[in-house]
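Remarks on the overall topology
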Amino acid sequence: VRILLLDVAHARSGDKGDTANVGIIALRPEWYPLLARELTRERVARHFAGLITGDVERFELPNLNALNFLLHGALGGGGTLSLKTDAQGKVVSTALLRMELEVPNAEARRLGLPGSAR
Amino acid sequence: VYKHPGTGGRIDVHSVSEQLVYEMGDPHAYLTPDVIADFTTIRLEGAGPDRVRVHGIHGRPPTDKLKVSIAYRSGFKALGTLVYAWPDALAKAQLADRVLRERLDGLGLKFDTILTEFLGVSATHGPLAGPPEHDVPEVQLRIGVRGPDRAPVERFTREIAPLVLNGPPSVTGFAGGRPKVEAVVAYWPALVDKRVVTPTVSMEES
């Protein structure tokens, strides 16, 4: 079954220079292992392909049921140099929440995941 | 973390977690002048309505560096916007963008960056948003340029108004007049040795 990340997580993003950070937090603690497994560095880099010019770094915060991603070269130079509407990366979080996860039916039922993707 | 009752908003483990991951780099080593905080050790627990208990965080001694935020002049920029209305708002905005870029090319203007965004369609999510599901009511075309010299940026600002008369129809949103040229003050975060900085406090009385 396909699950929209928006339905299982919430997120916050911001900037450090030309790097956007996206912190993504499981809506329920029991969903964190699924996020940690599916949201690999490579997967997130593929999701943002064409939108960022640099690497992706990934950090785990199991104590907060959260992952933190650094998207380098995401903000068109960042800060005052950037010409982008979202020069501070405030809504990059919502772009990540568009991701769809493929989860086996049995696991989705066991974890009580909400419906299939919209 | 808590707040006064009846003041709106919400404090819970989720909202405090969002605040913790906001503008975070490496959570194992969040550098401050006083301590290197390890945010992978912090514990949050709900402790009643609009109240979260925060405990358990560990840290290490700080580095021998301080962060300096340096500002410097870095050329000029300008942003122009126009709004195109239904029908075919996106196609009109895209055509206007092509016309404008050809004009800039023809004038021989050189910039470090030219950025076009279509607000209402793809400005914040880019290709992840996919094509619009219907013929949207309006699209804002937003074009920005940045370069080392003022003159080409100034020239760019004179090229927006002609699009209104000579470009795709059903266009509005230009009452603000010609875009303003802005000097760019860029940001350079750097580290300096703590030994070269002597903090002093001066009290002023009036």
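Structure first, text after, so check above.
Structural notes, computed from the coordinates.

Conventions used here
- Residues numbered from 1 in each chain as written.
- Chains lettered and ligands numbered in written order.
- Predicted model: local features only at pLDDT ≥ 70, side-chain atom pairs only at ≥ 80, totals over all residues.
- Heavy atoms only, no water.
- Helix = DSSP H or I, 4+ residues; strand = E, 2+ residues; numbered from the N terminus.
- Rg over C-alpha atoms; globule rule 2.2 N^0.38 Å.
- Buried < 20%, exposed > 50% of the residue type's maximum accessible area, 1.4 Å probe, protein only.
- Contact = heavy atoms within 4.5 Å.
- Areas by Shrake-Rupley, 256 points an atom, 1.4 Å probe, with all protein chains shown as cover.
- Lys, Arg positive; Asp, Glu negative; His and termini not counted.
- Charge placed at Lys NZ, Arg CZ, Asp CG, Glu CD.
- Pairing = 2+ DSSP bridges.
- Axes fitted to C-alpha atoms, helices over the stretch in contact; angles between N-to-C directions.
- Buried area = accessible area lost by both parts, 1.4 Å probe.
- Salt bridge = Lys/Arg side-chain N within 4 Å of Asp/Glu carboxyl O.
- Polar contact = N/O pair within 3.5 Å; in protein donor to acceptor, adjacent residues only side chain to side chain.
- Nonpolar A, V, L, I, M, F, W, Y, C, P; charged D, E, K, R; others polar.

A short note on the overall build of chain A
Helix and strand counts for chain A stand at four helices and six strands. For chain A, the α and β elements follow one another from N to C terminus as β-β-β-α-α-β-β-α-β-α. Compactness check: chain A gives a C-alpha radius of gyration of 15 Å against a globular reference of 13 Å for 118 residues, within 12% of the reference. Projected onto its principal axes, the C-alpha positions of chain A cover 50 × 30 × 20 Å. Each of the 118 residues in chain A was classed as buried or not, and the buried ones make up 53%. Look at the contacts in chain A between residues 6 or more apart in sequence, and 62% of them connect residues 24 or more apart. Element-wise, carbon and sulfur atoms account for 52% of the exposed surface of chain A, whose accessible area totals about 4900 Å². In chain A, 15 positive and 13 negative side-chain charges are present, and the distance between their average locations comes to 4 Å.

Topic: the sheet that holds strand 1 (residues 30-31) of chain B
Residue and element names in this part refer to chain B. Taken together, the three strands give an open sheet; going across it, the order is 1-2-5, and neighbouring strands pair in antiparallel fashion. Edge positions in the sheet fall to strand 1 and strand 5 (58-60), since each of these pairs with one other strand and no more. Pairing of strand 2 (residues 36-38) with strand 5 involves three bridges; the strand directions are antiparallel. Residue pairing across strands places Ala37 opposite Gly59, the latter belonging to strand 5.

Quick notes on the sheet that holds strand 4 (residues 56-61) of chain A
Read from one edge of the open sheet, four strands run 2-3-5-4 (chain A), paired in antiparallel fashion. Both outer strands of the open sheet, strand 2 (9-16) and strand 4 of chain A, are each paired with one neighbouring strand and no more. On average, each strand axis in the sheet is inclined to that of its neighbour by 20°, with strand direction left out of account. Pairing analysis gives eight bridges linking strand 2 of chain A to strand 3 (residues 19-26) of chain A, with the strands arranged antiparallel. Counted as the bridge partner of Arg12(A) is Gly23(A) from strand 3 of chain A. Lying on the sheet, helix 1 (residues 13-21) of chain B is in contact with strand 2, strand 3 and strand 5 (66-71) of chain A; it crosses strand 3 of chain A at an angle near 155°.

Describing the interface of chain B and chain A
With 42 residues of chain B at the contact, the number on the chain A side is 35 residues. In total, chain B and chain A occlude about 3200 Å² of area from one another, counting both sides; carbon and sulfur atoms represent 58% of this. Joining chain B to chain A, the criterion identifies one salt bridge. For the salt bridge of Glu23(B) with Lys90(A), the shortest nitrogen-to-oxygen distance reads 3.6 Å. Our count for the contact surface shared by chain B and chain A stands at 23 residue pairs in polar contact (both at pLDDT 80 or more). Elements supplying a minimum of two residues to the side of chain B that touches chain A: helix 1, strand 3 (43-46), strand 6 (65-85), strand 7 (113-119), strand 8 (138-147) and strand 10 (182-193) of chain B. With six residues, the top contributor of residues to the side of chain B that touches chain A is helix 1 of chain B. Residues of the side of chain B that touches chain A, tallied by class, amount to 21 nonpolar, 13 polar and eight charged.

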